Amino acid sequence: MKRAIITGGAGLIGTGLCSALAEQGYEVASFDVEQGPEGVRQIHCDVGDETSVTGAFEELGWDSLDLLVNNAGIAGPSNGPISELSLTDWRRVTDSHLTSAFLMTRSAVPLMGEGASIVNMASTRAFMSEPETESYAASKGGLVALTHALAVSLGPKIRVNAIAPGWISGEEDLRPVDHEQHPAGRVGRPRDVAEAMLYLASAGFMTGQVLTLDGGMSRKMIYAE
C-alpha cells in the first residue's frame, strides 16, 4: 500500500485530495489543526511551526512515504493596504503556505524512495493579482520557485511539481455568470484538483512543472467595455 501525507487535509481542496487518494488505495495522513475527512489518519499539526512538524512526524511513525502534497495555507488572499500590513500578519500567511512546505519537505524527504513525488499547491495568484494581496501572492510565487528548485535538487529520485488552481468551489448556489465567464464553462471543483494531483503523482517524466488548473481564465483577455 502506498502512503501519502496531505497538509491542510480538513479544507475544501484538502478533503477532496484525501478522499481521492483513499479511493486509489493509499494510506493517507492529514496534517492539519482541524479534523479531516473520515477514513484517513488524523495528525494534529501546525505545519508552519517547526516544533509541531517534528512532533507530527514522530507521532506518524512511518518509515516510508510515496507522496507529499503541500496543500495547507490561509485561504483568504486579502491583506489590506501594504502600508498597514504588519510583519506578524505577513509571516502568518507566508509561514502557512511557504514555510510549511519547506518544513514538511525537509522532514518527508528522508522517508521517500525512488519514484516518490511531491506536489505543491500554488495558485494562479502566483502569476496575476487583485489589489492588496501581496502576502498571499508572494507565498504562492515562492512555492512555484521552491518547486523547480526542489525538482533539480531531489531528482531523479523524487519528482516535484505544483498545481496552480484558479477558482475552486464546493458551493451549489453560484451565479450563472460565475460559470459562464470561464472558457471551460464552469467554476472548478475539488475533484478537478484531485485528478490533477493523481496525474502528477504518476507522471514519471514530469518534474519542476506548474500545472495551471483554472478553466482557461488566465488565457482570457479581459478588458473593461
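Everything that follows concerns the structure shown earlier in this document.
The residue numbering used here restarts from 1 in each chain and proceeds along that chain's sequence as written. Residue-level local features of this predicted model are given only where pLDDT is at least 70; pairs of side-chain atoms are given and counted only at 80 or more, and the full residue set underlies all totals for whole chains, interfaces and linings. Side-chain metrics rest on all non-hydrogen atoms present in the structure, leaving aside hydrogens and water.

Caption draft 1: Quick peek at the environment of Leu211. Working definition: helices are DSSP H or I runs of at least four residues, strands are E runs of at least two. Numbering for both runs from the N terminus. Summarising the element assignment, Leu211 is placed in strand S7 (residues 210-213). Think of it in three bands: with a 1.4 Å probe and only protein chains considered, a residue is buried below 20% of the maximum accessible area for its type, exposed above 50%, and partly exposed in between. For Leu211, a relative accessible area of 28% gives the class partly exposed. A C-alpha to C-alpha distance of 7.9 Å links Leu211 and Ala196, two positions 15 residues apart in sequence. What makes two residues a contact is simply this: any of their non-hydrogen atoms within 4.5 Å. The residues contacting Leu211, other than those within four sequence positions of it, are Ala162, Ile163, Ala164, Ala196, Tyr199 and Leu200.

Caption draft 2: Fine view of unusual backbone geometry. The linkage connecting Gly155 with the following residue, Pro156, adopts the cis geometry, with an omega of 0°. Structurally, Pro156 can be placed in the loop between helix H4 (134-154) and strand S6 (158-165). Its identity is not glycine, yet Glu132 carries a phi of approximately 60°, on the positive side. With respect to the helices and strands, the residue Glu132 is situated in the loop between strand S5 (112-121) and H4.

Caption draft 3: Focus on the pattern of salt bridges. Any carboxyl oxygen of Asp or Glu within 4 Å of a side-chain nitrogen of Lys or Arg constitutes a salt bridge here. A full pass over the atoms with the stated rule returns nine salt bridges. The partner of Arg3 in a salt bridge is Glu27, with the nearest N and O atoms 3.2 Å apart. Within this pair, whereas Arg3 is found in strand S1 (residues 3-7), its partner Glu27 is found in strand S2 (residues 27-32), the two being separated by 24 residues in sequence. Judged by relative accessible area, which is 28%, Glu27 ranks as partly exposed. With a shortest N-O distance of 2.7 Å, Arg175 and Asp178 are connected by a salt bridge. Given the relative accessible area of 5%, Asp178 is considered buried.

Caption draft 4: Representation of the side chain of Arg3 in the model. As used in this structure description, the phrase polar contact means that two N or O atoms lie within 3.5 Å; if the pair is within protein, one of them must be able to donate a hydrogen and the other to accept it, and residues adjacent in sequence are counted only when both atoms belong to side chains. Of the polar contacts made by the side chain of Arg3, one reaches the side chain of Asp63; its length is 3.1 Å. Side-chain polar atoms of Arg3 contact the side chain of Ser64, separated by 3.3 Å. If we ignore the near neighbours within four places in the chain, the residues touching Arg3 are Tyr26, Glu27, Trp62, Asp63, Ser64, Leu65, Asp66 and Leu67.

Caption draft 5: Up close: the nonpolar core. Counting residues in hydrophobic clusters, the biggest one holds 26 residues, and the most contacted among them are Ile5, Phe31, Phe57, Leu65, Leu68, Met104 and Met112. Taken together, the elements giving at least two residues each to this core come down to S2, helix H2 (50-60), strand S4 (65-70), helix H3 (87-108), S5, H4 and S6. Here this core gets four residues from one element, more than from any other, and that element is H2. In contact with Ile5, other than residues within four places in its own chain, are Ala29, Phe31, Phe57, Leu60, Trp62, Leu65, Leu67, Leu68, Val69 and Met104. In this description, a nonpolar core means a group of buried Ala, Val, Leu, Ile, Met, Phe, Trp, Tyr and Cys residues linked to one another through side-chain atoms lying within 4.5 Å. Of all hydrophobic cores here, the second largest spans 22 residues; its members include Met121, Val193, Ala194 and Ala196.

Caption draft 6: Examining the sheet that holds S6 more closely. Strand order in the open sheet formed by seven strands is S3-S2-S1-S4-S5-S6-S7, and the pairing between neighbours is parallel. Looking at the sheet topology across the chains shown, the edges are occupied by strand S3 (41-44) and S7. For this sheet the average axis-to-axis angle between neighbouring strands, irrespective of direction, equals 20°. Alignment of S4 against S5, held across five bridges, turns out to be parallel. Bridge pairing links Asn70 to Asn120 in S5. Following DSSP output, two strands are said to pair if at least two bridges run between them. Comment: axis = line fitted to C-alpha atoms, over the contacting stretch for helices; angle = value between 0 and 180 degrees taken between N-to-C directions.

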